[in-house]
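A structural walkthrough
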Amino acid sequence: MNDANAIEVAAGVPTSALNLIDLSSSDVQRSVSLLKQACLDSGFFYVINHGISQDLMEEVFVQSRRFFGLPLSEKMKLLRNEKHRGYTPLFDQVLDPANQINGDYKEGYYIGVEVPEDDPGAQKPHFGPNLWPSEEILPRWRQTMEKFHSQALNVAKVVSRIIALALDLEAEFFDKPEILGEPIATLRLLHYEGLVSDPSKGIYGAGAHSDFGFITLLATEDVPGLQICKNKDAKPQTWEYVLPLRGAFIVNLGDMLERWSNCIFRLHASWSLTMIVSSSACQHVCQRKIIPSFRPSNVRPTCPKDMPILMLI
């Protein structure tokens, strides 16, 4: 893929054409070829037919909106703890401190692998019990998120096997106990405020960044906003939208995979930047996740929403 494959969706804002990996396909070599090409091009691709039902994905969005619609006082009762479980308020994260003023205009909620407090494994960093809203306030919320977390982790492991084959390794290479046998798999629910992003004033939904983990799976609804820059050292930088695809995951590689691949995927996978741009205000029900950096005059008005993300590190 190259610039000729980009589709113009708004004045001055191209859309990046990403490879589509069908996890139900029996043509493994084609999947490996498409993934490897994506890893060398941008580090981003779609996965479809991943086995998670559309009903469950839609229920995750519904339940996510229910949580973020609670009064701030209720959400603050579940403030993120030292195990990185729980709620993060607006401006908690600053992904691009050189260009942002207050921080990311997003709320979040962290959910990890559930490890009981009396389990010896709970003594390790990033492992322990999750924080859950009460069943009385949000019925079925925990069950929905635990089911989605488990199934999304399975999808991530399937993708990791294709990555292994793309690196000329055995398919199960990353399944080893010391690698993904006990992964730090974090489900992040993200909710973007309906505020107009204004890069000239340092206002972004989420600042420009690269992910630090192995891979990230992003579930979106139907609102564009995720942007990627394939070469952060270009002058000027070129940012492209990644369009949402119903029922699919947008997958991006993280910095850790650069190290694990001996920099085979270095130039684009880990040097790519992503950000979320909210370019129009919208009502509370229409808020979700996206990624940032653009000239405001070239940004198409969009309405960011909530976005579940599974980060595998």
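Okay, so let's go over this structure. (Residues numbered from 1 in each chain as written. Predicted model: local features only at pLDDT ≥ 70, side-chain atom pairs only at ≥ 80, totals over all residues. Heavy atoms only, no water.)

**Considerations on the overall build of the protein**
In terms of regular secondary structure, the protein is built from seven helices and 14 strands. Taking all 313 residues of the protein together, the buried fraction comes to 54%. Across the protein, contacts joining residues at least 24 apart in sequence account for 71% of those joining residues at least 6 apart. By element, 53% of the accessible surface of the protein is carried by carbon and sulfur atoms, the whole surface being about 13800 Å². (Helix = DSSP H or I, 4+ residues; strand = E, 2+ residues; numbered from the N terminus. Buried < 20%, exposed > 50% of the residue type's maximum accessible area, 1.4 Å probe, protein only. Contact = heavy atoms within 4.5 Å. Areas by Shrake-Rupley, 256 points an atom, 1.4 Å probe, with all protein chains shown as cover.)

**Let's talk about helix α1 (residues 28-41)**
Helical periodicity: at 3.6 residues per turn, an α-helix aligns residues three or four positions apart in one direction. Compared with the 20 Å implied by 1.5 Å per residue over 14 residues, the 20 Å span of α1 between its first and last C-alpha is a close match. All of the buried residues along α1 are Ser31, Val32, Leu34, Leu35, Ala38, Cys39 and Asp41. A positive phi of about 80° marks Gly43, the residue just after α1. (Expected span 1.5 Å × (residues − 1).)

**Overview of helix α4 (residues 141-166)**
Taking 1.5 Å per residue, 26 residues should reach 38 Å; α4 reaches 37 Å between its end C-alpha atoms and fits that length. Trailing α4 by a residue or two, Asp168 shows a phi angle of about 60°, which is positive.

**Section: the environment of Met145**
Counting through the fold element by element, Met145 comes out in helix α4. Given the relative accessible area of 0%, Met145 is considered buried. Separated by 88 residues in the primary sequence, Met145 and Met57 have C-alpha atoms spaced 10.0 Å apart. Setting aside residues no more than four positions away along its own chain, Met145 makes contact with Val60, Gln63, Ser64, Ile111, Trp132, Leu187 and Leu189.

**Here's the deal with the packing of aromatic side chains**
The tally for this structure, following the rule as stated, stands at 11 aromatic pairs. An angle of 70° between the planes, with centres 6.2 Å apart, marks the rings of Trp132 and Trp141 as edge-to-face. Exposure class is identical for Trp132 and Trp141. Each is buried. Ring geometry for Phe214 against Trp260: centres 5.3 Å apart, planes inclined by 45°, an arrangement best described as tilted. Here Phe214, found in the loop between β8 (206-209) and β9 (215-219), pairs with Trp260, found in helix α6 (residues 255-260); they are 46 residues apart in sequence, far enough to count as distant. You can call Phe214 buried: its relative accessible area is 0%. The class for Trp260 is partly exposed, based on a relative accessible area of 34%. Counting every residue linked through ring pairs, the aromatic cluster contains Phe67, Phe68, Tyr87, Tyr109, Trp132 and Trp141. Over the face of the ring belonging to Phe127 we find Lys124, whose NZ or CZ atom lies 4.7 Å from the ring centre. (Phe/Tyr/Trp six-rings, centres within 6.5 Å; stacked < 30°, edge-to-face > 60°. Lys NZ or Arg CZ within 6 Å of the ring centre and 35° of its normal.)

**Here we look at the pairing of strand β7 (residues 185-192)**
Burial runs high along β7: eight of the eight residues are buried. Along β7, one buried face is formed by Ala185, Leu187, Leu189 and His191 and the opposite face, lined by Thr186, Arg188, Leu190 and Tyr192, is buried too. Here strand β6 (residues 106-111) pairs with β7 via six bridges, running antiparallel. Paired with Gly108 across the bridge in β7 is Leu190. (Pairing = 2+ DSSP bridges.)

**Some remarks on the pairing of strand β12 (residues 249-253)**
Counting buried positions over the five residues of β12 gives five, a clear majority of the element. With burial as the criterion, each face of β12 is covered, one bearing Phe249, Val251 and Leu253 and the other bearing Ile250 and Asn252. Strand direction decides the pairing type here: strand β4 (residues 44-48) and β12, joined by four bridges, are antiparallel. Each bridged residue has a counterpart across the sheet, and for Val47 the counterpart in β12 is Phe249. Relative to β12, β9 is paired through five bridges, and the arrangement is antiparallel.

**Description of the packing of α1 against α4**
For the pair α1 and α4, interaxial distance at closest approach is 9 Å and the crossing angle is 80°. In terms of their interaxial angle, α1 and α4 are classed as roughly perpendicular. Along the contact surface, α1 presents Val28, Ser31, Val32, Leu35 and Lys36, while α4 presents Val159, Ile162, Ile163, Leu165 and Ala166. Considering only residue class, the contact of α1 with α4 consists of eight nonpolar, one polar and one charged. (Axes fitted to C-alpha atoms, helices over the stretch in contact; angles between N-to-C directions. Parallel < 35°, antiparallel > 145°, perpendicular 65-115°, else oblique. Nonpolar A, V, L, I, M, F, W, Y, C, P; charged D, E, K, R; others polar.)

**What about the side chain of Lys83?**
Note on placement: Lys83 falls in the loop between α3 (72-76) and β5 (86-88). Here Lys83 is buried and forms no salt bridge, its nearest opposite-charge partner Glu82 lying at an N-O distance of 6.2 Å. Polar contacts involving the side chain of Lys83 include one to the main-chain carbonyl oxygen of Ala122, which spans 2.7 Å. Polar contacts involving the side chain of Lys83 include one to the main-chain carbonyl oxygen of Phe127, which spans 3.1 Å. Dropping the residues within four chain positions of it, Lys83 is found in contact with Ala122, Gln123, Lys124, Pro125, His126 and Phe127. (Lys, Arg positive; Asp, Glu negative; His and termini not counted. Salt bridge = Lys/Arg side-chain N within 4 Å of Asp/Glu carboxyl O. Polar contact = N/O pair within 3.5 Å; in protein donor to acceptor, adjacent residues only side chain to side chain.)

Geometric values such as these leave the question of function open.
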